[in-house]
Amino acid sequence: MSDSRTHDEAAIETVLEDSYRAWAAGDAAGMVADYIEDATAIMPGSLRDGREAIRASMAQAFAGPLRGTSVYSRPLSTRFVGEDLAIVVSESGILFPGQSAVPDEGKVNATWVLAKQRGSWKIAAYHNSAVQA
């Protein structure tokens, strides 16, 4: 892998980690700070279309059922499509207060699409589905 791709992988990892840290702080605005304006987030039964819609739904969730939660994430792969597009696949899940591990039934496979804009990696799309046993 070229030094450029190593640098890009590290930058992408930082974007995702910053989002996870903001999640753990219950900070919806911080969680979507590195999302592009027209980002999408698709989860079973739900489409959140646009950064503001994602932020608003997360703010509501952090005030209710996701209060005090954090994210477990284990990267499975990162691949680049050209110079300015990356696809990250991970296994992840929500850690609820008092949990030290996500139960198998709470794990999801997630796909992140990131675009490099003006030299910075941004989240363009997110999708998840349950991990099959």
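On a predicted model such as this, the values are computed, not experimentally measured, just so you know.

Conventions used here
Residues numbered from 1 in each chain as written. Predicted model: local features only at pLDDT ≥ 70, side-chain atom pairs only at ≥ 80, totals over all residues. Heavy atoms only, no water. Helix = DSSP H or I, 4+ residues; strand = E, 2+ residues; numbered from the N terminus. Buried < 20%, exposed > 50% of the residue type's maximum accessible area, 1.4 Å probe, protein only. Pairing = 2+ DSSP bridges. Axes fitted to C-alpha atoms, helices over the stretch in contact; angles between N-to-C directions. Contact = heavy atoms within 4.5 Å. Phe/Tyr/Trp six-rings, centres within 6.5 Å; stacked < 30°, edge-to-face > 60°. Expected span 1.5 Å × (residues − 1). Arc of directions from axis to C-beta. Salt bridge = Lys/Arg side-chain N within 4 Å of Asp/Glu carboxyl O.

Student: I'm lost on unusual backbone geometry in this one. Help?
Tutor: Where the residue is not glycine, phi is negative for most of them; where a peptide bond is considered, it is trans in most cases. The phi dihedral of R118 is positive, around 50°, even though this residue is not glycine. Residue position: R118 is located in the loop between β5 (108–117) and β6 (120–130). For R118, a relative accessible area of 82% gives the class exposed.

Student: I keep staring at the sheet that holds strand β1 (residues 35–43) and nothing clicks. Help me out?
Tutor: To summarise the sheet geometry, strands pair through backbone hydrogen bonds and adopt either a parallel or an antiparallel arrangement. Taken together, the 6 strands give an open sheet; going across it, the order is β2-β1-β6-β5-β4-β3, and neighbouring strands pair in mixed fashion. This sheet does not close on itself; its edge strands, each paired only once, are β2 (46–49) and β3 (70–80). Taking the axes of each pair of neighbouring strands and ignoring which way they run, one obtains an average angle of 20° across the sheet. Where β1 meets β6, 4 bridges bridge the pair, whose relative direction is parallel. Note that in β6 the partner of Y35 across the bridge is I123. Packed on one face of the sheet, helix α3 (residues 51–63) meets β1 and β2 and runs near 55° to β1.

Student: Help me understand the packing of aromatic side chains in this model?
Tutor: Note on aromatic pairs: each is described by the distance of the centres and the angle between the planes. Going through the model one piece at a time under the given rule, you end up with 4 aromatic pairs. Plain terms: the ring middles of Y20 and W112 are 6.2 Å apart, the flat faces sit at 75° to each other, and that makes the pair edge-to-face. Placement of the pair is Y20 in helix α1 (residues 3–24) and W112 in strand β5, with a sequence separation of 92 residues. There is no split in this pair, since Y20 and W112 are both buried. Members of the aromatic cluster, each reached through a chain of ring pairs, are Y20, W112 and Y126.

Student: Just checking my understanding: could you explain α3 for this structure?
Tutor: Each turn of an α-helix holds 3.6 residues, which means side chains three or four residues apart point in the same direction. For α3, with 13 residues, the first-to-last C-alpha span of 18 Å sits near the 18 Å given by 1.5 Å per residue. Considered for burial, the residues of α3 that qualify are I54, S57, M58, A61 and F62. The buried side chains of α3 occupy one side of the element, clustering within an arc of 135° when seen end-on. Set apart from the buried face of α3 by more than 90 degrees, the exposed residues are Q60 and A63.

Student: Looking at this structure, how should I read the pattern of salt bridges?
Tutor: For side chains bearing opposite charge, pairing can occur when the charged atoms are close. Enumeration according to the criterion identifies 9 salt bridges in this entry. Two residues, K107 and E91, come together in a salt bridge whose shortest N-O distance is 3.9 Å. Note that K107 is positioned in the loop between β4 (85–95) and β5 and E91 in strand β4, a separation of 16 residues in sequence. Note that K107 is salt-bridged to D104, the shortest N-O span being 3.3 Å. Its relative accessible area of 57% is what places D104 among the exposed residues. A single network of salt bridges, built from pairs that share partners, joins R5, D8, E83 and K116.

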